[in-house]
Every structure is written in C-alpha cells, then in structure tokens.
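Take a look at the letters that make up each chain.
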Amino acid sequence: MKTNRTFLGIILTMIFSMFPTASTPAEVIDVKEIVHQVDQLYRSDFSYSEVEMEIVTPHWQRTLSMQAWTQGMDQTFIRITAPDKEKGMATLRIKNEMWNYLPKTNKVIKIPPSMMMSSWMGSDFTNDDLVKEFSLYDDFSYQLIPSAKGSEDTILINCIPRPDLPIVWHNIVIAGRKEDHLPVWQKYYDEKGQLMRILNYSEVKKFGTRTLPATMEMIPQNKEGHKTVIRYLALDFDRKINPEVFSLRHLRGD
Amino acid sequence: MRLYLKLAVRNLLRNKRRSFIAGTAIGIGLAALIFTDALMVGMERNMIASATESFMGEGQIHRAGYRESYDVEKTINRRLEVVSGLEHETIIRHFSPRVFSFAMITSPSNVSSVSLVGIDPDKERYLSQVDEAVNSGSFFSGTGEHDLVIGNKLAEILEVGLGDRLVLTVAQAYSGDLSQELFRVSGIYHLNVQEMDQAMALVRLPQAQKMLGLGEEIHEIALRFTDSRYAEEANLPFWRSYSQFGNETVGWPELMPDLKAAFDLASFATFFVGLILFGVVALGIINTLFMSLHERMFEFGVLRAVGTRSSVMALLIVFEAGALAALSIFLGIILGSLVTGIMTKIGINYVGIEFSGVTFRKLLYPVFQVKQFVLYPLVVFVFTVLVGLYPAIFAARMSPAKAMRRSF
Amino acid sequence: MLTLKMAWRNIFRQKRRTVLSILTMFGGFTLSAISIGWADGTYNRIIDMFTRNRLGHIQIHARGYLDRPSIYKWIKDYQKIGEEIQKIQGVEAWVPRLYSAGLASVGDKSAGARIIGIDPERETAATRFDKKIIQGRSFSPKPSHQAILGKGLARTLKAKTDDQIVIVSQGADGSIANDLYTIVGITESGDPTQDLSSFFLHLKDAQDLLVLDSVIHEMAVIVSKLGQVSRITQQIRTTLNDPGLEVSPWQEFGRSFFVAMQADKEGNWIMLFIVVLIVAIGVLNTVLMTVLERTREYGVMRALGTGRFLVFRLIVYEVALMALIGMVIGFGLSLLINHQLSIHGIAMPHAFRYGGVEFTHYYTEINARSFYIPAVTVFFSALLVSIFPALRAAHISPARALRTH
C-alpha cells in the first residue's frame, strides 16, 4: 500500500521529472529502460511550469491557464492566470493539507480531506490520477507486444500491475517511439478487456535540457463528448524555487 | 351458590340457539380484540426487527461524542475491557465490532462516495442480515483479505460484477494521509434499503483498520440482546455500566428517535381504535342481555309471583350474565386463537414497504400475548356482568303482574 | 301502505325492544363513522403536513431530472409556466427552486453543502419557510447575498447568524463558482439529514453564482385540497403540453412515504372491517331475537289469514324503519362528534414530531366516506339479516307458532 499526497492529478505528475531524455541505441529494445523513461519523463525535485488545461464536456468547454511550482513530493503551488473569472485563484498543498484562495471573496478555504478525494475542475482524470502516483517502473511488470504491421516506428509495451496495486485498471498499454522512446499514447483497459480511456502525447518540444511531449490529451471511452487536454507552455527544472512560494501569504497573492 | 350456578347454566341451555347466537356475538367481539391486538404487537415487533436486525442492532456502543461528528479518531475507550465484559454479559446474545469511514470508491467506469465499513464476518453474521441478503457471491466465506461486499445499487453505479477490481480511498486517522487499497467484489447483496444498497462498502475489519491506521481500535459495537425488549427499557443498568470511561451505550429508541415517535403514534392509534372496538363489543353485550331478559319476562313474572325474593331474582340474572360471559369467552378464545393462529402461519405481506426509515423485510405475523387471553376475557366478563346488573335490578323490582302481562 | 303503517306502529309497541335494536344500529353507525373519520383525518393531516410543509403536492421538473439529477436539466420560462398553473382551479401557490452542490466554508471549517435557491416570498407563502427558521430571520425580499443554513450544517461549520460564509461550486459553464454571503438565519426542516447540508440562497443569487440565467430545476405546486391532487396533476400536464417536462404528484416523488401511508391505511381497513363485522352481528342478533320472540304473534296473524308475503314484508319493513331511524340518529350523533373532534382533536399523551412538524392532537375528518360506509353497512346488514327470520316467520305453520312460547 502506497500512501501519497498528490492531488492535482496529471498536472503534478507531469511536473516531476528527473533524467534528461535518453537517446538509447536504437537496435536493442530494452523494455525496462523504456518504461523507466516514461515514468521519469516529467519528474523532478523541483519545477516551474506554465500550463494550459482545456476541458471539454457536452455542456461546456473551458481553457484554464496556470502557473505551477513544485518541490519534492509534498509541496505544490498553483495559480490560475486565465480566464478572468478564475484569474488569481490559487491552490497550495503542503503534505496532507490543502488550501484554496478565492480572489473574488478574498478568502482562503481549507479543503477537508474528504473533498480532496473528489475530482477537481470537472476534468477527466479520475481518483487514481488525482490521488495516486504509481510508478510504472516499480509497480508493474511489462512485456513487449510484437508490433502490428504499419507501426514499425512504435514499440508497444503491455504493463500489468502487481497483484495488490490499488488501481482499477487491469493493464495499461504504452506506445513509445522507437527512435527516442518518447511516449505516443497510453491505453487503459479494464478487466473485461474493454478500452476505458486513451492518453495521447504529442507536440514534442525541448524545454531547457529536456525534450518531451508538451501536450497530453485524455479521452474517456465510456463518456461521449468528454476530453481533457494539457499543454505545457513553459517547463523549467533548473530554476531554484524560493521556499516562500509554498506559504499561505503567497496564496493570497502577496 | 351452586344452586344459582346450576340454574344459570340450565337456563342458558334451555334455549340453545339463543344462547349460542348471543355467545357468538360477544365471542366474536372478543376474538376481534385478540386478533387486532396480536396484529398490532406483531407489526411493532416486525418494524423493530426490520430496523434493528438489518444492520443497526438493538443497541450500540461508541465513544461519547462519536455520533455527533463521526470522527475517525474517536474510537471506543478501553476496548478490551468492554469486549470481555460483553462476552460475560448474560443479557447479550451477540455483539459485533465495526469500523467506519467516509471513503471514495473507484471502478474503471465510475467513482462514488461511500461509507467504508470494516466488520468481523463471523460476528456480524449473527447480528445483521446482510449475509442473508447476499444474492451473488458470498459474505466473506473464505479468507481473502481483499474481499469486498457491496450493495446491488452500488454495483450498478460502478458497473461492476463479482471479481471486478475496485479501489477504496480513505483519509487516515490522525495524519490525514490518503491511503488506497485494491479490493475485489466478492459478494453483492440486496437489502432493499436504499442507503445500504447504494452507499456501503463492507470489508474485513483488519483491512479497514490498516487502511485507516487505527491499529486494533474500533468505532462501534453493535448489540443484540437475548430478549429484544431489553432495548426499550430505559432503566436497564446495562446502559449505565457500559457508558463509563468516556463511552456511550444506547438502545435503538435513542438511535432512531423517528422510529420511536412513529411507534408512539401507532400505539396511541391502536389504543383509540381498541376503544372503539370495545364500544362495539359492549353494545353487543347490552343488546344480548336485554334481549334475553325480555324474552323471559313472563317467566320472571311467574318466579316473582311464587315468592322469589328480589335479591334472588337479581342474583339469578347476574349469574346468567356470568354464565353467558363464560360461554362467550370460551367461544371467543377459540375463535380468536384459531384466526390468529392461522395468520401466524400465513403472515401478512408488507415486504418492501418503507415506513419511518425502516423497510419491512419479513412477513408480518401476529403475536400471541398472555394479556390477550387474560386481560381481555376478564374485561369482557366483568363488563357483561356489569351490564347484567341493569336487567337484574329491573327484574328484582318489577311487579309480577306486570311481568306476566308483557310476554305478548 | 297499510303494511308500512303497521310496521311503524309495531315498532313503537315494544319500546324496549325497539330501543335496543335502534341502539345497536346507531351505536354501530356512530362508532364506524368515527373510526373512518379518525383514520382519514389523521392520515390526511400527516400527508398534508408532509407535502405542504416542504415538498409540495405536485412537482414539475425537466424530464429525467428525478431519475438522475443534473444541473443541466433545467426548466426555462418558469414564470410563464407559473402563470399558467396559477390559473388552474384548486391551485393555491407555486414555488421555484434551484439545486446544486458545493463546498461551504466559515472561518477554517468547511463542509459539503446542498445549494438551494428559493424565492423567499413565494416560499414563505406556500410552505411557511419563515416558520422553520429557528435562529435569525428569513431573506430580505431583494437578493442581497444572504444565506440561510440548515441546523446540522451550521453546527458542523460552527456558524452563527451574521457570520460570513463562502461557497465554492461549479458553474453551468464549467467555471469555478464562488462567492461570499452573510448568514441571516438558521433553519430546521425536521429532516436531520437535510439539515446537515442545506444551504439556502435567494434564487437570483443562486442563479448568478451558478451561471444559470433565469432557469430553475424544480417547481413545487401547493393545492388547497389534498383530494384534488390527481385532477390538478392531469390538468397541469394538459395545460403545459410539453414533453420535456415531467409533472409528478406527491405519490410519485414521495414514493416511500406514500407506500408507507398506504400500508398503514390497509392495516386500518382490516380493523374497520372488524368493526363493521361486529356491528353487523349486533344487528343480526337484535333482529333475530326480535323476530324469533314474536313467533307467536305471527302465528296468530297467520291463523287469522294474513298472507305469507304480508308477514314477510311486515317484518322487513319493521327492520328497515328501525335501521333508518338508527341511521338518522347515528348520522346526527357522529356528525356532532366528528365535527368536534375535527376542530379540537384529541390530545396525544406526548407530542410527536414528524417531517419537521409537531403533532399534538389527533383530528378526525368529516367526509362523505365516514357516512356512507356505515350507512350502507348498517342498512344492508339489517335488511339482509332480517330476510331469513322473516322468511321463517312467514312460512311457519300457524299451529306450531301458537304452540311456541
């Protein structure tokens, strides 16, 4: 059983990253290595990023712009910069506690643990993503899937979770680019073998010393007309972060 | 005395048909009282059972203050003492320890908020009816640590079936850390109680305790007495002895005040209707006695004419009234037991109906009670004799001549 | 009509016998009438309290809302709908309501809340909203960023009147809705589960918060007479003639309550049946005795040449007349008693709370049923019961009859 404290889902998962992108020799397909890379792609000890999140539902469509700072696994700060209605809103998380700042009312609300488990912003990322952060490398066993015709440049890896891992997926299939092992998509399957959602990676860009897909698109397969897209506009793993960032004062915008 | 009795009985037997009809009329009244009372008691018992047996238990022990906030940290104090005490308690038939927490449950298709309930299946079996309501899979047979039992409505919402994966997420006690575990659906039940079918997820006690970081502590002990009526006794010393050391022990009337209120409403209602019923029976008695008196006006006149004393006249009639009462009671008890007895075998079907937050789960059976066979007959007897006083006095006072003229 | 006259005179000849018979009949009538009046009265009162007090007698939603509520299943142009409904005869009032969920926070305490947008004036007039406020006061008529909390919610948040409360929710456009309000009152609906999460706002404030422009989720309709609910429901459906709307009477949206009431009513029917049975037997007893004891008399009549049919008719008329007199007296008496009880009621040993309302008395109700059922029972059981003995009396041989005492 792993305990963890992340809450803002995929945004935070992406914000961690550690290793520079590896460009491994193309001939030997080391499955483990690939998985490891995908795992570590967005992880870091600390990071600063500017992100756009577009949420599409049958009833409405919104795009939020935000700035995010992270430090280790415990501290996160996010400020929304657009659109106007939400501009200035901020969220601070330190270990197990979370606060929201609402500029309109100039109030800071503490989020009770029960609310922390529910989805935020109506996005398509489930509890698993919101709460759990598992390591593809540590918690799964993986095997190469022989390539189907017409996809000679992608490697397919089937990742099966270890028996008691608390996730609902039966298996996740990752498609990675042969040349640089960057992920192309991830498909999530339930136990009946049904495809439940697809995560597409695209727009590979260079951010400082790293090259990675700047856009991630999550499309649920069991709900019509829903999707969530996250785009990195800026990503910095080298900038040192002022600890003051993770404070209630900063939350209020001082 | 014996002479009067003999006379009374013989008089009754003289006109068998009349006596029989009269006796039957009053007897039916008594039978009706018996049946209605039995029905009401049965209904009450059924409702209480439905409320307490499905899950709640007849009483519960918690840490004082737990019920107000449902704080995960408020576990029962001196748990080991309490448990060993209960094991030696003669009035406790069964008890079951439980752990509760707010939780999120996720399936590949959906997410829902539920109440996570950690139970000890071997103990829980005797206390609640969830195990009987399982219609798919089993109620924790086997030893799987990650067994999970949910209601059918929840299974529908999450789109899962037996064997499917579900992840439960809770916030740990004291630290607030979120913890998650994988479970597999091992049983699905249908209790026909909405909240339970939709918002409860049952797991083994140690699993829940581990997830919540509670060690061996528990939130609640549900109780079942050897006699369910103990729960309604407010003065039972049991409540106090288990409400020490910061704990609180209460019976279902306190746990479900709404139900208690509904009962009070119902019992008063029954009382009122019983009153009306009795009025009708009384009418029957008056009616019958007067009828028989008039029929025999001539006869009484003759008796007086030959010198019977007034007091004797009166007594004769009173005894007759008594004899009639005895006959009626006899008939009434037979009829009453018969009808009620048949109903106790067939039962009345109220299954599925919800009232005051309680759903009827079993057939309704009338319940025989001693008072039905002692109190009611006694009341009928006394009333019949009392009513007999009027014609008795009348007969004592009348002039023979007048009486003998009246028979036409 | 000689027979009738004879019948009439006969019954006055034997005063005591007649009195007894009539006593049984009117006694039975009155008791049955009170039983029915009481049962109906109590139930209807409970139902009325339950529906009128909060939920309404009839509710209107967008189709599918009751099944799976969603903020997007709204009702447009509700003012116009309201006007149409108000025109229907029997409709007393209607109220609009808006629902959503959110997070409420006071100071450093926060909790999940159910946001309910109401029109204070209408709500007060129709469901006595102001009477349920236990602390503070109701909303000002104009939307002024005020909030009223359910008792349980106020306690969880440790909130008092005049405190500032923040609510965060999701707007219908997907944006994060949030705003600040002043708590002006705390309410108790009688349903503790509701009170744990109820967060009332002025309708306009709620619409602004949730980015819902002049739409609502529910319209509750109050009618003046409970018995009219079915008719009015049908009329609303026809008048609105909109397949996108669902009109539900309380029996549908308050299904579990309805079913419970029905079950209880059925239980009462059993008891009523018993009462009626006993009354019938009482009448049988009386009539039987009456006829049997006059066997001699009939023997004489027959011996004198009276036709069989006449004897039969005579007996039946006598019984019928007594029954009628019994009914008239019974009617008068039960009317009196029921009337009194329907106004003053019978005090209960201790008050009983249900659905937020305190019941202190039992009331009966005066309705047609409480009269015609006993009437039919008494009259027909009397007649029925008289047939056998009447036939017997008519056919007995005069010689035999004369020999009987």
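Every chain is numbered independently, its residues counted from 1 as its sequence is written. All chains are assigned letters beginning with A, and all ligands numbers beginning with 1, in the order in which they are written. The model is predicted, so local features are restricted to residues of pLDDT at least 70 and side-chain atom pairs to those at 80 or more, both for listing and for counting; the totals for chains, interfaces and linings are taken over all residues.

Draft legend 1. Seen up close, the overall build of chain B. Only DSSP runs of H or I with at least four residues qualify as helices, and only runs of E with at least two residues qualify as strands; both kinds are numbered from the N terminus onward. Regarding its fold elements, chain B presents 16 helices and 12 strands. Residues are defined as contacting one another if the C-beta atoms placed from their backbone atoms lie within 7 Å. For chain B, the share of sequence-separated contacts (at least 6 apart) that also reach a separation of at least 24 residues comes to 81%.

Draft legend 2. Here's a closer look at the pairing of strand E1 (residues 59-63) of chain B. Residue and element names in this part refer to chain B. For E1, the buried fraction is high: five of the five residues fall into the buried class. Only strands that DSSP links by at least two bridges are regarded as paired with each other. In this structure, E1 lies alongside strand E10 (residues 247-251), joined through five bridges in antiparallel fashion. Its bridge partner lying in E10, Gly59 is registered against Gly251. Pairing geometry for E1 and strand E9 (residues 220-225), over three bridges, is antiparallel. Counts of 20 or more other C-beta atoms within 10 Å of a residue's own C-beta define buried residues, counts of 12 or fewer define exposed ones, and intermediate counts define partly exposed ones; C-beta atoms are placed from the backbone.

Draft legend 3. Fine view of the environment of Lys192 of chain A. All names here are of chain A. Residue placement: Lys192 occurs in the loop between strand E11 (183-189) and strand E12 (195-207). For Lys192, a count of 10 C-beta atoms within 10 Å translates into the label exposed. Put simply, Lys192 and Phe46 are 146 residues apart on the chain and 39 Å apart in space, counted from C-alpha to C-alpha.

Draft legend 4. Focus on helix H13 (residues 297-305) of chain B. Residue and element names in this part refer to chain B. Among the residues of H13, Met297, Phe300, Gly301 and Arg304 are the ones counted as buried. Buried positions in H13, seen along its axis, are confined to an arc of 105° and lie on one side of it. Just downstream of H13 lies Gly307, where phi reads positive at about 105°. Picture the helix axis, draw a direction to every C-beta atom, and the arc is the one those directions span.

Draft legend 5. Just the packing of helix H12 (residues 308-344) of chain C against helix H13 (residues 369-395) of chain C, in detail. Residue and element names in this part refer to chain C. For helices, the axis comes from a line fit to the C-alpha atoms of the stretch in contact; other axes are also lines fit to C-alpha atoms, and the angle between any two N-to-C directions lies between 0 and 180 degrees. Between H12 and H13, whose axes approach to 8 Å, the crossing angle comes to 160°. Between H12 and H13, the angle is such that the two are roughly antiparallel. Read as a crossing pair, H12 and H13 show a hand that is right-handed. Any angle that is under 35 degrees is reported as roughly parallel, and any over 145 degrees as roughly antiparallel; angles of 65 to 115 degrees are reported as roughly perpendicular and all others as oblique. The handedness criterion is simple: a crossing whose near helix is rotated anticlockwise from the far helix by less than a right angle is left-handed, and one whose near helix is rotated clockwise is right-handed.

Draft legend 6. Region of interest: the confidence of the model for chain B. pLDDT is a per-residue confidence score from the predictor, ranging from 0 to 100. Looking at chain B as a whole, the pLDDT averages 81, with 87% of positions reaching at least 70. By mean pLDDT, the top-scoring element of chain B is strand E8 (residues 200-204) of chain B (95), and the lowest-scoring one is strand E11 (residues 354-355) of chain B (50).

Draft legend 7. Structural detail: the environment of Gln79 of chain C. Residue and element names in this part refer to chain C. Topologically, Gln79 is positioned in helix H3 (residues 78-87). Gln79 sits in the exposed class, given 11 other C-beta atoms within 10 Å. Separated by 97 residues in sequence, Gln79 and Ile176 place their C-alpha atoms 28 Å apart.

Draft legend 8. Highlighting the confidence of the model for chain C. When pLDDT is averaged along chain C, the result is 81; 86% of the residues meet or exceed 70. Our summary of model confidence lists the complex with pTM equal to 0.73 and ipTM equal to 0.75.

Draft legend 9. View of the nonpolar core. Ile167 and Phe199 of chain C are the most contacted members of the largest nonpolar core, which totals 84 residues. The leading source of residues in this core is strand E2 (residues 91-106) of chain C, at seven residues. Contacts of Ile167 of chain C, omitting those with residues within four sequence positions, involve Gly102, Leu103, Ala104, Ala113, Ile115, Asn178, Asp179, Tyr181 and Phe199 of chain C. Core analysis: the second largest hydrophobic core is formed by 81 residues, Ala8, Leu33, Ile34 and Ala325 of chain B among them. For our purposes the nonpolar core covers buried Ala, Val, Leu, Ile, Met, Phe, Trp, Tyr and Cys residues that link as a set through C-beta atoms within 7 Å.

Draft legend 10. Molecular detail of unusual backbone geometry. Each neighbour pair has its own omega, and for Ala82 of chain A with Pro83 of chain A the value is 0°, a cis peptide bond. Within the secondary structure, Pro83 of chain A sits in the loop between strand E4 (75-82) and strand E5 (90-94). You will see that Glu159 of chain B, though not glycine, has its phi angle at about 55°, which is positive. For Glu159 of chain B, the position within the fold is in the loop between helix H7 (152-158) and strand E6 (165-171).

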